[in-house]
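Listed below, chain by chain, are the residues.
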Amino acid sequence: MDEETVERIREVVRAIPPGETSSYGEVAARAGLPGRARLVGRILAEDGHDLPWHRVLRADGTCAPQVAREQSARLRAEGVLLEDGRLPRPRR
DNA sequence: ATCTTGACCCTCT
DNA sequence: AAGAGGGCCAAGA
């Protein structure tokens, strides 16, 4: 992968404020890479350790199964509550 | 070079 | 609500 692209993605993730969340697809789009959600997931999986990766959920508001426990714990610690394993649906 | 595997996502049954 | 089917594309085997 182009290191430049990777850095743009990392930067977008770093910009998600505590207590807020985003999604893989949204991060990709904000990094100027629409349709490349998988790339975001892959990057967080291999070197997301120094990033707030726990603020990135799937498009439907659920956690990626691999990290669901750790992620929900970290979110809870920041005041983000998951109802029934998912983010409460935004109303209108 | 080809095939498979994913921290994904969307549209249409 | 739940599947199927496609799209996406970097890595590894």
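Calculation criteria
- Residues numbered from 1 in each chain as written.
- Chains lettered and ligands numbered in written order.
- Predicted model: local features only at pLDDT ≥ 70, side-chain atom pairs only at ≥ 80, totals over all residues.
- Heavy atoms only, no water.
- Axes fitted to C-alpha atoms, helices over the stretch in contact; angles between N-to-C directions.
- Helix = DSSP H or I, 4+ residues; strand = E, 2+ residues; numbered from the N terminus.
- Parallel < 35°, antiparallel > 145°, perpendicular 65-115°, else oblique.
- Contact = heavy atoms within 4.5 Å.
- Near = heavy atom within 4 Å.
- Polar contact = N/O pair within 3.5 Å; in protein donor to acceptor, adjacent residues only side chain to side chain.
- Buried < 20%, exposed > 50% of the residue type's maximum accessible area, 1.4 Å probe, protein only.
- Arc of directions from axis to C-beta.
- 1 Å grid on protein atoms, 1.4 Å probe; cavity = no way out; pocket = protein on both sides within 12 Å on 5 of 7 lines; lining within 4 Å.
- Points joined across faces, edges and corners; volume = space filled by probe spheres on them.
- Nonpolar A, V, L, I, M, F, W, Y, C, P; charged D, E, K, R; others polar.

- The name given to chain A in an unreviewed UniProt entry is MGMT family protein, with Pseudonocardia petroleophila as the source organism.

## Examining the packing of helix H1 (residues 3-14) against helix H3 (residues 37-47)
Okay, step 1: Contact pair H1 / H3: the axes reach a minimum separation of 11 Å and the direction vectors enclose 80°. Compared by their axis directions, H1 and H3 come out roughly perpendicular. Here Thr 5, Val 6, Ile 9, Arg 10 and Val 13 of H1 come into contact with H3, specifically with Leu 39, Val 40, Ile 43, Leu 44 and Asp 47.

## Points about the protein's contact with DNA strand C
Okay, step 1: Around DNA strand C, the neighbouring residues are Met 1, Arg 36, Arg 38 and Arg 42.
Okay, step 2: Among atoms of DNA strand C positioned within 4 Å of the protein, sugar and phosphate together represent 80%.
Okay, step 3: In this structure, Met 1 approaches DNA strand C through a main-chain N or O atom, which is 2.7 Å from a phosphate oxygen.
Okay, step 4: Measuring from a sugar or linking oxygen of DNA strand C, one finds a side-chain N or O atom of Arg 42 at 2.8 Å.

## Looking at H3
Okay, step 1: Among all positions in H3, only Leu 39, Val 40, Ile 43 and Leu 44 are buried. Down the axis of H3, the buried set is contained in an arc of 130°. They therefore lie on one face. Away from its buried face by more than 90 degrees, H3 exposes Arg 38, Ala 45 and Glu 46.
Okay, step 2: Packing partners of the buried residues in H3 comprise H1, helix H2 (24-30) and strand S2 (56-57).

## Things to note about the layout of surface pockets
Okay, step 1: Considering only enclosed or pocket space, the largest pocket measures out at about 280 Å³ in volume.
Okay, step 2: Tyr 24, Gly 41, Leu 44, Ala 45, Gly 48, His 49, Trp 53, Val 56, Ala 64, Gln 66, Val 67 and Gln 71 together form the lining of the largest pocket.
Okay, step 3: The greatest single-element share of the lining of the largest pocket, amounting to 3 residues, is contributed by H3.
Okay, step 4: Here the residues of the lining of the largest pocket sort into 7 nonpolar, 5 polar and no charged.

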